[in-house]
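Next come the chains, spelled out residue by residue.
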Amino acid sequence: MIKRAAGFLTSHQGHGWTFVGVAFLAWFFLGGVRDTFGVFIRPWADSFGWSVAAISLASSIHMVVNGLAGPLLGSLVDRFGSKPVFLGLVVLMAAGSMGVAAVHELWQLYLLYGVTLGLASNLTPVTSPLVARWFQKRRGLAFSLVPAGNHVGLAVLAPVAMRMSQSAEWRVVWLLMGMATLILVPIVLLLVKAPKSPPQPASQGRSDATTLGATPTGATLGQAIRSRTFWLLAAGFFVCGYTARMFWTLLVPIALEGGMTSGQVAALASVSGLIAVPGLLLFGTAADRVSRSGLLAANFATRVLAWGAMALYLVTGSVPLMFVGAI
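Everything in this summary refers to the structure shown in the same document. Here the residue numbering is sequential within each chain, running from 1 through the sequence in written order. Predicted model: local features are reported for residues with pLDDT of at least 70 only, side-chain atom pairs are reported and counted for 80 or more only, and whole-chain, interface and lining totals are derived from all residues. For the side-chain quantities, the full set of heavy atoms in the structure was used; hydrogens and water were omitted.

**Description of the overall build of the protein**
- Within the protein one finds 16 helices and zero strands.
- Relative accessible area decides the class of each residue, using a 1.4 Å probe on protein chains only: under 20% of the type maximum gives buried, over 50% gives exposed, and in between gives partly exposed. Scored against the burial criterion, the 327 residues of the protein give a buried share of 44%. Working definition: helices are DSSP H or I runs of at least four residues, strands are E runs of at least two. Numbering for both runs from the N terminus.

**Observations regarding empty space enclosed by the protein**
- The distinction between a cavity and a pocket rests on a 1 Å grid over the protein atoms alone: a 1.4 Å probe fits inside a cavity but cannot get out, while a pocket stays open yet meets protein on both sides within 12 Å along at least five of seven lines, and a residue with an atom within 4 Å of a point counts as lining. Grid points are joined across faces, edges and corners, and a volume is the space filled by probe spheres set on the points. Within the structure shown, the criterion is met by two cavities of 30 Å³ or more.
- For the lining of the largest cavity, the secondary-structure elements that each account for two or more residues are helix H2 (12–35), helix H4 (52–80) and helix H13 (228–257).
- Classifying every residue of the lining of the largest cavity gives four nonpolar, four polar and three charged.
- Put simply, the second largest cavity is a space of about 50 Å³. When residue character is reported, Ala, Val, Leu, Ile, Met, Phe, Trp, Tyr, Cys and Pro are called nonpolar, Asp, Glu, Lys and Arg charged, and the others, Gly included, polar.

**Let's talk about the pattern of salt bridges**
- Think of a salt bridge as a Lys or Arg side-chain nitrogen and an Asp or Glu carboxyl oxygen that are within 4 Å of each other. Tallied over the entire structure, the rule returns one salt bridge.
- Of the charged contacts in the structure, one is a salt bridge between aspartate 35 and arginine 34, with a shortest N-O distance of 3.4 Å. We note that aspartate 35, like arginine 34, is buried.

**Structural notes on the packing of aromatic side chains**
- Only centres within 6.5 Å qualify two rings of Phe, Tyr or Trp (six-membered ring in Trp) as a pair; their planes then separate them into stacked at under 30 degrees, edge-to-face at over 60, and tilted for everything else. This structure, assessed with the given rule, holds 11 aromatic pairs.
- On the numbers, 6.1 Å between centres and 75° between planes, the contact of phenylalanine 48 with tryptophan 170 is edge-to-face. Of this pair, phenylalanine 48 sits in helix H3 (residues 41–48) while tryptophan 170 sits in helix H9 (residues 170–181), and the two are 122 residues apart along the sequence.
- Using a relative accessible area of 25% as the deciding quantity, one classes phenylalanine 48 as partly exposed.
- According to the relative accessible area criterion, tryptophan 170 is buried, its value standing at 4%.

**Observations concerning the side chain of asparagine 122**
- Relative to the assigned elements, asparagine 122 resides in the loop between helix H6 (106–120) and helix H7 (124–134).
- Exposure remark for asparagine 122: the relative accessible area of 5% places this residue in the buried category.
- A polar contact of 2.3 Å, which involves the side chain of asparagine 122, links it to the backbone oxygen of asparagine 66.
- Apart from the residues within four sequence positions on either side, asparagine 122 is in contact with Asn66, Ala69, Gly70, Leu73 and Leu89. Any N or O atom pair separated by 3.5 Å or less is treated as a polar contact, with the protein-specific requirement of one donor-capable and one acceptor-capable atom, and with residues adjacent in sequence counted only for side-chain atom pairs. The criterion used for residue contact is that any of the two residues' heavy atoms lie within 4.5 Å.

**Considerations on a nonpolar patch on the surface**
- A patch consists of residues exposed above 30% relative accessible area that lack any salt bridge, with like charges linked at up to 9 Å and nonpolar side chains (Val, Leu, Ile, Met, Phe, Trp, Tyr) linked at up to 5 Å. Values of accessible area rely on a 1.4 Å probe in the Shrake-Rupley scheme; residue burial ignores everything except the protein chains shown. A surface patch of nonpolar side chains, about 330 Å² in accessible area, is lined by Val172, Leu175, Leu176 and Met179.
- Topologically, valine 172 is positioned in helix H9.
- Look at valine 172 and you get partly exposed, because its relative accessible area is 37%.

**With respect to the nonpolar core**
- Here, the term nonpolar core denotes a set of buried Ala, Val, Leu, Ile, Met, Phe, Trp, Tyr and Cys residues that are joined through side-chain atoms within 4.5 Å. Membership of the largest hydrophobic core comes to 80 residues, with the highest contact counts inside it found for Trp44, Phe86, Leu109, Trp174 and Met322.
- Excluding its chain neighbours within four sequence positions, the residues that come into contact with tryptophan 174 are Val33, Phe40, Trp44, Ser97, Met98, Val100, Ala101, Tyr113 and Leu117.

**Re H13**
- Taking 1.5 Å as the rise per residue, H13 with 30 residues should run 44 Å; its terminal C-alpha atoms sit 42 Å apart, in good agreement.
- Its axis deflected by about 45° at leucine 250, H13 carries its strongest bend there, up to four residues before the proline proline 253.
- Glycine 259 sits one or two positions beyond H13 and adopts a positive phi of about 110°. To estimate how far a helix should reach, multiply one less than its number of residues by 1.5 Å. To get the bend at a given residue, fit one axis to the seven residues ending there, fit another to the seven starting there, and take the angle between those axes.

Structure follows, in structure tokens:
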């Protein structure tokens, strides 16, 4: 049994799943560093007298930097490979987190959370190419497992951050998250590698090439930016980033503003993170079998329900509605 396990880990398939595990762990820490931001809005407001709008601007800066840095990081990955860029982002994530622990001025929060962590949290251009190269089959499942770490990190770390921030220990939370992220440095150095053979086109149960006008064999950058599909996906990611990031940023402040207790809010953040995992696995598994454009449309429909439930909570004060929105 030990020999069989060792053989699997040294096989092409084993290396692929090992990378998925490393990427999952990186996204786990990102879930704490990035998506617990809303937990700290009230402690920062109480400690420094900053307004919620001024604090939330740090999240907006974070998203803008994250988006603008994507093409730059993608080009760096093309030139130098995923491993050195991955390692650099991990170090930057740890440094930014520990830096947030020392902020005393609003501009420092903008610089460290907005700019530094906005750049460091851009893991998609690093992890996605390697997942695509390691997996020809079950690619949809592999792609869904990697960002699942983000939601598990939120579910695990948000309640801890919520409890510690209430006892004026929010600096300790950020310091510990930064120090924990450094664990990834030797893991990335030892375990991240690219496959020697080039990837083959992934099989799909129902071709999306016909649905979206894409070419299954790929396209050049010039061909991509001249296609309707590219701009539809870009618009979709714009809406995705805006609706998702604002939801995570405002979830805790809105829940507290509506009258929920700190215990209920901690449970809310945990549930919202955990429920995303089976959702990701469901969508990822389905993406290997059915039209991905249809799945994308269904994904956006659920976002409408989430924001609608949050809006109704603000009007009615119904705690179950807030949980419906989070779920």
